[in-house]
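Chain by chain, the residues run as shown.
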Amino acid sequence: MSTSKLTLTEDWAVVVLGFIIIFLAIWGLSIPVPMYTWGDASGFAALFSATNELSVFYQFLFAYAIVIIGATITDKPIKAQFLSFPVVFILTIIALLLAGNSFMNDLGLEAVIFSLLVGLLIGNLFKLPQWFRESLNAELLVKIGLVLLGTNVIFSDILKAGSLGLVQSLIVVLSVWYFAFWLCKKLKVDDELTMMISSAVSICGVSAAIATSGAIKGDSKKLSYVVSMVLITAIPMMIGMPYLARVFGFSEEVTGAWLGGSIDTTGAVVASGSLVGEKALEISTIVKFSQNVLLGIAALAISVYWTYRGTPEGEHVEKPSLGIIWERFPKFVLGFIAASLLFSFVLDATTISQVKGGIKNIQGLWFALAFTSIGLETNFKELLGNNNIKPFWAFLIAQTFNVVVTLAVAWWLFG
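Below: a short report on this structure. None of these values were measured; they are calculated from a predicted model. (Residues numbered from 1 in each chain as written. Predicted model: local features only at pLDDT ≥ 70, side-chain atom pairs only at ≥ 80, totals over all residues. Heavy atoms only, no water.)

Counting 133 residues, the largest nonpolar core has I144, V226, F343 and W366 as the members making the most contacts within it. For this core, the element with the most residues is helix 19 (residues 349-376), which contributes 13 residues. Dropping the residues within four chain positions of it, I144 is found in contact with V14, L17, G18, I21, I66 and W366. (Core = buried A, V, L, I, M, F, W, Y, C linked by side-chain atoms within 4.5 Å. Buried < 20%, exposed > 50% of the residue type's maximum accessible area, 1.4 Å probe, protein only. Helix = DSSP H or I, 4+ residues; strand = E, 2+ residues; numbered from the N terminus. Contact = heavy atoms within 4.5 Å.)

A few words on the packing of aromatic side chains. Inspection of the entire model under this criterion finds 17 aromatic pairs. Ring geometry for F60 versus Y64: centroids 4.9 Å apart, planes at 35°, classification tilted. One end of the pair, F60, and the other, Y64, are both in helix 3 (residues 50-73), four residues apart, so they sit about a helical turn from each other. Y64 matches F60 in its accessibility class, with the two residues each being buried. Among the aromatic residues, those joined into a ring-pair cluster are F60, Y64, F82, F85 and F89. (Phe/Tyr/Trp six-rings, centres within 6.5 Å; stacked < 30°, edge-to-face > 60°.)

Mapped onto the elements of the fold, P391 is located in helix 21 (residues 389-414). Take P391: its relative accessible area is 4%, and that puts it in the buried class. Between the C-alpha atom of P391 and that of L193, which follows or precedes it by 198 residues, the distance is 7.3 Å. Residues in contact with P391, not counting those within four places in the same chain, are V189, L193, I197, Y225 and M229.

Should their charged atoms come close, side chains of opposite charge can pair. Under the counting rule described, the total for this entry stands at six salt bridges. For K185, the salt bridge identified is with D191, shortest N-O distance 2.7 Å. Residue K185 is classed as partly exposed on the basis of its relative accessible area of 39%. With relative accessibility at 24%, the residue D191 sits in the partly exposed group. Of the charged contacts in the structure, one is a salt bridge between D190 and K222, with a shortest N-O distance of 3.4 Å. In this pair, D190 is assigned in the loop between helix 10 (163-186) and helix 11 (191-204) and K222 in helix 13 (residues 220-248), connecting sequence segments 32 residues apart. (Salt bridge = Lys/Arg side-chain N within 4 Å of Asp/Glu carboxyl O.)

In contact at an axis separation of 10 Å, helix 1 (residues 10-26) and helix 3 are set at 145° when each is read in the N-to-C sense. Here helix 1 and helix 3 pass one another in a crossing that is right-handed. Here helix 1 contributes A13, L17, I20, I21 and L24 to the contact with helix 3, which in turn contributes F62, I66, I69, G70 and I73. (Axes fitted to C-alpha atoms, helices over the stretch in contact; angles between N-to-C directions. Left-handed = near helix turned anticlockwise from the far one by under 90°.)

In a packed pair of helices, the relevant descriptors are the angle between the two axes and the axis-to-axis distance. Where helix 1 contacts helix 19, the axes come no closer than 9 Å and their chain directions differ by 145°. When you trace helix 1 past helix 19, the crossing you get is right-handed. Of the residues in helix 19, those in contact with I21, I22, A25 and I26 of helix 1 are T351, V355, I359, I362 and W366. Partitioned by chemical class, the residues of the contact of helix 1 with helix 19 number eight nonpolar, one polar and no charged. (Nonpolar A, V, L, I, M, F, W, Y, C, P; charged D, E, K, R; others polar.)

Unusually for a residue other than glycine, D75 sits at a positive phi of about 60°. Here D75 is to be found in the loop between helix 3 and helix 4 (78-99). On the basis of relative accessible area, D75 is assigned to the partly exposed category, the value being 47%. Despite not being glycine, K188 shows a phi value in the positive range, around 60°.

Next up, the structure:
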């Protein structure tokens, strides 16, 4: 059936929307960054100043416009987005306020876990209208955030990160990913969870799980399960590993490399490194950054693998042609790579320094909005019921393997 209206698939739409945000930032559009950090009642009250509320409002208008444009170019019902997005945004702001508490910051908890929890609470305590649930588009929001994430992967920064950090990251990521993949297969964990768990444990936790889910067009409910596992284990690791390092007398360099390579969330790495010392904080950040930059390469490799083997289970059909692979290939990966190349080789240092912080803030907002949506559309009983204990055991065993291997490599390179 022909149509005169130009529409894009969601895969291409996220690339277009991501680059609209990037080019608007480059051309001088500055979205004020709201403050969410607070420690006590007076600090919390300060968040509701006229200036901060206006910043939140501007951010809302900007995000609202992007979502409506997204609905228009993908030919989805605009009215549903028009009515549902303000609700998702308000719930996300509540989550960001909770995450901004200084105690939560000290624990290294990422904002997405609060978005997920707020969404789960509202989605499971209240009966939401069917049209509202159907209007939620977590995948679109996640993939826009992933395109924006490419602006943080700067090749010159990778070189500055140091050869030892990159060597450790390559060894750890490859060995831990393969072990986790093998273990999940042994435990008969399903393919989608296997890929998400392997990437989350070996690369960079939440961001890796999100990117992998996007690359394989994974179930958002399974993604929320993996993210929950990452964040549950990050807290005891963040507190316990510095203590163990002191008990065994590890140097700050070895401890930093161990923390950066083992702990899955960047916030928890920074918090944990700070408990040890300045040198440990520096090394742990370098190593974690080195792992983070492998995310784009990993997403590309996973995409190619998944599209090539992406035939229905139990069916014996010939391998897909290059055309089919291209059709199945998640285009957000191309957007991620293009954004990275743009910021690495095209833009000058002054422009990058001016816009990078604002784009990173918007990227964080997209991820938070996405996880609020995931929570709203997830039935908690269904989430726990459909995912048996095997994926959790696979995650814990793989994480233990990660801790041991990373310590050995850190001792070899930094000892």
